[in-house]
Number of protein chains: 2
Amino acid sequence: MAAESAKELRALGEAIRAGRKTLGLSQEDFAERCDVHRTYVGQVERGEKNISFTNVLRIARAIGQKPSVLLGKAGL
Amino acid sequence: MAAESAKELRALGEAIRAGRKTLGLSQEDFAERCDVHRTYVGQVERGEKNISFTNVLRIARAIGQKPSVLLGKAGL
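Reading guide: rules and limits
- Residues numbered from 1 in each chain as written.
- Chains lettered and ligands numbered in written order.
- Predicted model: local features only at pLDDT ≥ 70, side-chain atom pairs only at ≥ 80, totals over all residues.
- Heavy atoms only, no water.
- Least-squares fit on C-alpha atoms with pLDDT ≥ 70 in both.
- Contact = heavy atoms within 4.5 Å.
- Axes fitted to C-alpha atoms, helices over the stretch in contact; angles between N-to-C directions.
- Helix = DSSP H or I, 4+ residues; strand = E, 2+ residues; numbered from the N terminus.
- Parallel < 35°, antiparallel > 145°, perpendicular 65-115°, else oblique.
- Left-handed = near helix turned anticlockwise from the far one by under 90°.
- Buried < 20%, exposed > 50% of the residue type's maximum accessible area, 1.4 Å probe, protein only.
- Buried area = accessible area lost by both parts, 1.4 Å probe.
- Salt bridge = Lys/Arg side-chain N within 4 Å of Asp/Glu carboxyl O.
- Polar contact = N/O pair within 3.5 Å; in protein donor to acceptor, adjacent residues only side chain to side chain.
- Nonpolar A, V, L, I, M, F, W, Y, C, P; charged D, E, K, R; others polar.
- pLDDT = per-residue confidence, 0-100.

**A look at the relation of the copies chain B and chain A**
Link 1 in the chain: Rotating chain B by 180 degrees and moving it 0.0 Å along the rotation axis overlays it on chain A with an RMSD of 0.0 Å. Here the symmetry operator amounts to a two-fold rotation axis.
Link 2 in the chain: Both copies present the same face, since 100% of the interface residues in chain B are matched by interface residues at the equivalent positions in chain A.

Right, here's the structure in full:
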């Protein structure tokens with residue numbers, strides 16, 4: 001994966017982690033809210049996953065942010 | 001795929017198509033600019049592909065819009 005993309009995935013992951021922490025949720029509780037596996041949340045937060053667009057939408061919904069706002073918070 | 005996600009993918013596809021048309025590019029020329037296959041551009045524009053996040057970034061870059069702006073134009 002291009003270095004640029006890896007950096008952007010990490011930025012998205014950090015914005016997702018910040019959103020999760022605002023909700024005061026553990027990765028496990030947040031995974032349940034998103035209906036994804038707990039380890040997937042950890043991987044996405046660390047920028048290790050080339051997450052699908054529909055999962056970005058699902059996670060943004062679970063955080064309670066518009067996807068465009070979540071990306072803006074990630075500086076994207 | 002959930003109906004909601006299908007609707008959102010179509011909205012993203014329409015915003016990408018509008019961006020491409022603003023550049024006055026054919027799907028073929030735009031695919032070359034994005035370094036993806038021509039048929040992939042058509043599928044994404046029709047909302048038929050659960051596009052990866054890094055490809056959303058790549059396409060936004062090719063359009064010359066921030067990814068958060070592209071999503072905003074898609075109403076997401």
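**Some words on the packing of helix 4 (residues 53–63) of chain A against helix 1 (residues 3–22) of chain B**
Link 1 in the chain: Put simply, helix 4 of chain A and helix 1 of chain B touch, their axes get as near as 10 Å, and they point 115 degrees apart. Regarding the angle of helix 4 of chain A to helix 1 of chain B, the classification is roughly perpendicular. Note that helix 4 of chain A runs across helix 1 of chain B; the crossing there is right-handed. Residues F53, T54, L57 and R61 of chain A of helix 4 of chain A form the contact with helix 1 of chain B, whose own contacting residues are E4, S5, E8, L9 and L12 of chain B.

**So, unusual backbone geometry**
With the exception of glycine, most residues fall at negative phi, and the peptide bonds are largely trans.
Residue and element names in this part refer to chain A.
Link 1 in the chain: In the Ramachandran plot, D35 falls in the positive-phi region, its phi being about 60 degrees despite a non-glycine side chain.
Link 2 in the chain: Position of D35 among the secondary structure elements: in the loop between helix 2 (27–34) and helix 3 (38–45).
Link 3 in the chain: A residue is classified by how much of its surface remains accessible, and D35, at 63% relative accessible area, is exposed.

**Points about the interface of chain B and chain A**
Link 1 in the chain: Each partner contributes to the interface: chain B provides 21 residues, whereas chain A provides 21 residues.
Link 2 in the chain: Considering only the surface of chain B that becomes buried against chain A, F53, T54 and L76 of chain B emerge as the three largest contributors, covering 35% of it.
Link 3 in the chain: Remark: the boundary between chain B and chain A carries two salt bridges.
Link 4 in the chain: Across the pair E8 of chain B and R61 of chain A runs a salt bridge, and its minimum N-O distance is 3.1 Å.
Link 5 in the chain: If you look at where chain B meets chain A, you find ten residue pairs in polar contact (both at pLDDT 80 or more).
Link 6 in the chain: Only helix 1, helix 4 (53–63) and helix 5 (67–73) of chain B provide two or more residues apiece to the side of chain B that touches chain A.
Link 7 in the chain: In terms of residue class, the side of chain B that touches chain A is built from ten nonpolar, seven polar and four charged.

**Observations concerning the packing of helix 2 of chain A against helix 4 of chain A**
When two helices pack together, their arrangement is given by the angle between their axes and by how far apart the axes lie.
Residue and element names in this part refer to chain A.
Link 1 in the chain: For the pair helix 2 and helix 4, interaxial distance at closest approach is 9 Å and the crossing angle is 115 degrees. Between helix 2 and helix 4, the crossing angle belongs to the class labelled roughly perpendicular. Judged by the sense of rotation from one axis to the other, the crossing of helix 2 with helix 4 is right-handed. Only R58, I59, A62 and I63 of helix 4 make contact with helix 2, whose side of the interface consists of F30, R33 and C34.

**Focus on the confidence of the model for chain A**
Link 1 in the chain: Residues of chain A with pLDDT of at least 70 account for 99%, and the chain-wide mean is 95.
Link 2 in the chain: Here helix 1 (residues 3–22) of chain A stands out as the element of chain A with the lowest mean pLDDT, 95, in contrast to helix 5 (residues 67–73) of chain A, whose mean of 98 is the highest.

**Observations concerning the pattern of salt bridges**
Link 1 in the chain: Scanning all chains against the criterion turns up ten salt bridges over all chains.
Link 2 in the chain: The shortest N-O distance in the salt bridge between R20 of chain B and E45 of chain B comes to 2.6 Å. With R20 of chain B in helix 1 and E45 of chain B in helix 3 (residues 38–45), this residue pair connects regions lying 25 residues apart in the sequence.
Link 3 in the chain: Of the residues examined, R20 of chain B reaches a relative accessible area of 7% and is grouped as buried.
Link 4 in the chain: By relative accessible area, E45 of chain B is classed as buried at 3%.
Link 5 in the chain: Shared partners join several salt bridges into a network, and the residues in it are R17, R20 and E45 of chain A.

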